[in-house]
Amino acid sequence: MELAVFIVGAMVCLLGAYGVVTSRNPVHAALSLVGTLIGVAVLFIAQDAEFLAAVQIIVYAGAIVVLFLFVIMLIGVDRSEDVDVEPLAGQKLAAVLAGLGIAVGLLSIVALGSVTGAPPSSAPVTGDSPNTEAIARVLFTDHLLAFEITSVLLVIAVVGAVALARHRQAALVDEDHPGDVVPDLEAVDSQEAVR
Amino acid sequence: MIAASLGAMPYMALSAILFSVGIVGLLTRSNPLVMFMCLELMLNAVNLSFVSLAREMDDLRGQVAVFFVLVVAAAEVVVGLGIIVSIFRRRQGATADDLSLMKG
């Protein structure tokens, strides 16, 4: 039973990953990414991580990919990318070779290595309490400081994103490249209205 | 709950393949947005291996680590997309190869 779930989930994951890497249109890549994320969520459920599967769908497929699509539409790069252009000669071949090398290395580690480490802790996955409750217990006792620091991180990220993406004419001028004309605000707005 | 019949190894192998595909994408694509998506692919591969080892070792702390990776990934995407938006405002249709301002 688990084998069937694994095969289907793995197929969805790999097809999605292939789509992300090869599709010329960024929108198609983002949609392929959704496929991979859902496949990973299925595999999470198959491994008794129900809470993480739900969070994966909500945060990744629901928020992050929507953010990606939002940015794609906002800056208008939804036209196809010319994937045949190679600025560095032989870069694609070298990249594929490097990826193959890393894949072979990681797979041989998986095949030859064995799981070592500390014996099972006080928080087993296969405990009596449901998955969400067990995670909450660990999160709010052993990892409370990390959890609180996470909130600081999120605030910093929000403030940083607002500071980066704010429309500020002076900050857009590139002193070294005066040829890069800053798009006129009204022209950009009318362009977006047309679009 | 599905009986643990497979063990961690198939999941770890899938995770390794996903990670490598993400690396290939990161190295070959020149659109910064697609490069970001490949980064998410690699993060997901690592999350998958975290969860499978958490079950293998019967230790819930692996799943807690995935939770924190998710939060950091969300923050990273927000800041990264902010940077990409401000870059694209300045130069329409920029690729990663055009952003060589800091080249020595």
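Note that residues are indexed from 1 along each chain, following the sequence as it is written. Ligands are numbered from 1 and chains lettered from A, in the order in which they are written. This being a predicted model, a pLDDT of at least 70 is required before a residue's local features are given, and a value of 80 or more before pairs of side-chain atoms are given or counted; all residues contribute to the totals for chains, interfaces and linings.

*Asks:* Now, about unusual backbone geometry: what can you tell me, with residues and values included?
*Replies:* One non-glycine residue with positive phi stands out, namely Asp48 of chain A, at about 65°. Numbering of helices and strands runs from the N terminus, with a helix taken as a DSSP run of H or I at least four residues long and a strand as a DSSP run of E at least two residues long. In this fold, Asp48 of chain A is placed in the loop between helix H2 (26-46) and helix H3 (50-75). Backbone geometry places Asp58 of chain B, a non-glycine residue, at a positive phi of 55°. Checked against the element boundaries, Asp58 of chain B lands in the loop between helix H2 (32-57) and helix H3 (61-90).

*Asks:* So what about the domain arrangement of chain A? Which residues, and what values?
*Replies:* By the assigned domains, chain A splits into domain 1 (1-80 + 126-142) and domain 2 (143-195). The residue inventory of the side of domain 1 of chain A that touches domain 2 of chain A, partitioned by class, reads three nonpolar, two polar and one charged. How far each domain reaches was decided by an automatic or database domain assignment. Each residue is assigned to one of three groups, with Ala, Val, Leu, Ile, Met, Phe, Trp, Tyr, Cys and Pro labelled nonpolar, Asp, Glu, Lys and Arg labelled charged, and all others, Gly among them, labelled polar.

*Asks:* An account of the environment of Leu139 of chain A is needed here, citing residue identities and associated values.
*Replies:* With respect to the helices and strands, Leu139 of chain A occurs in helix H5 (residues 131-139). Separated by 70 residues in sequence, Leu139 of chain A and Leu69 of chain A place their C-alpha atoms 32 Å apart. In this description, a residue-residue contact is defined by the distance between C-beta atoms placed from the backbone, which must lie within 7 Å. Apart from residues lying up to four places away in sequence, Leu139 of chain A is in contact with Phe147 of chain A together with Val64 and Phe67 of chain B.

*Asks:* Before we move on, can you summarise the interface of chain B and chain A with the specific residues and values?
*Replies:* As a measure of interface size, the accessible area lost when the parts come together is often cited. The interface of chain B with chain A comprises 69 residues on the first partner and 75 residues on the second. Put simply, the parts of the chain that give the side of chain B that touches chain A at least two residues each are helix H1 (9-28), H2 and H3 of chain B. No other element matches the 23 residues that H3 of chain B contributes to the side of chain B that touches chain A. For the side of chain B that touches chain A, the per-class residue count stands at 47 nonpolar, twelve polar and ten charged.

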